[in-house]
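# Coordinate analysis (summary)
Read off the chains here:
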Amino acid sequence: MASSSSRSAVLPVSMGVFGLGLIAVVAVFALYATGSTDLPLWLNLATLLAPAGLVIGVVAIVVRSRRATRGTR
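What you are looking at is a predicted structure, and each value in this text was computed from that prediction instead of being measured. (Residues numbered from 1 in each chain as written. Predicted model: local features only at pLDDT ≥ 70, side-chain atom pairs only at ≥ 80, totals over all residues. Heavy atoms only, no water.)

## Brief notes about the overall build of the protein
The helix and strand inventory of the protein stands at three helices and zero strands. Moving toward the C terminus, one meets the helices and strands of the protein in the order α-α-α. Counting every position in the protein, which comprises 73 residues, the buried fraction comes to 16%. Within the protein, residue pairs in contact and separated by at least 24 positions form 64% of the contacts whose partners lie at least 6 positions apart. (Helix = DSSP H or I, 4+ residues; strand = E, 2+ residues; numbered from the N terminus. Buried < 20%, exposed > 50% of the residue type's maximum accessible area, 1.4 Å probe, protein only. Contact = heavy atoms within 4.5 Å.)

Right under this line is the structure:
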């Protein structure tokens, strides 16, 4: 079993990045619903954090599971 000191910090970071991206997506939808059409570029780019966080999290899980299965052989 892995000890808590050997845990990677990548997964919590990826969840935070994903959460920030979801907040940006909700903000974009809310602003469009209120009639705003010319949104700032940084807000539109912030929505890309959601898929980036998802990809980082999936890669972290795959790498961690491969290391775990490799260590049991």
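Here the narrative resumes, following the displayed structure.
## Let's talk about the packing of helix 1 (residues 10–33) against helix 3 (residues 49–72)
Any two packed helices are characterised by how steeply their axes cross, that is the angle between the axes, and by the distance between the axes. Contact geometry of helix 1 with helix 3 gives a least axis separation of 7 Å together with a crossing angle of 160 degrees. For the element pair helix 1 / helix 3, the angle class is roughly antiparallel. In this structure, helix 1 meets helix 3 at a crossing whose hand is left-handed. Facing Val10, Leu11, Ser14, Val17, Phe18, Leu20, Gly21 and Leu22 of helix 1, the residues of helix 3 in contact are Leu49, Ala50, Gly53, Leu54, Ile56, Gly57, Ala60, Ile61 and Arg64. (Axes fitted to C-alpha atoms, helices over the stretch in contact; angles between N-to-C directions. Parallel < 35°, antiparallel > 145°, perpendicular 65-115°, else oblique. Left-handed = near helix turned anticlockwise from the far one by under 90°.)

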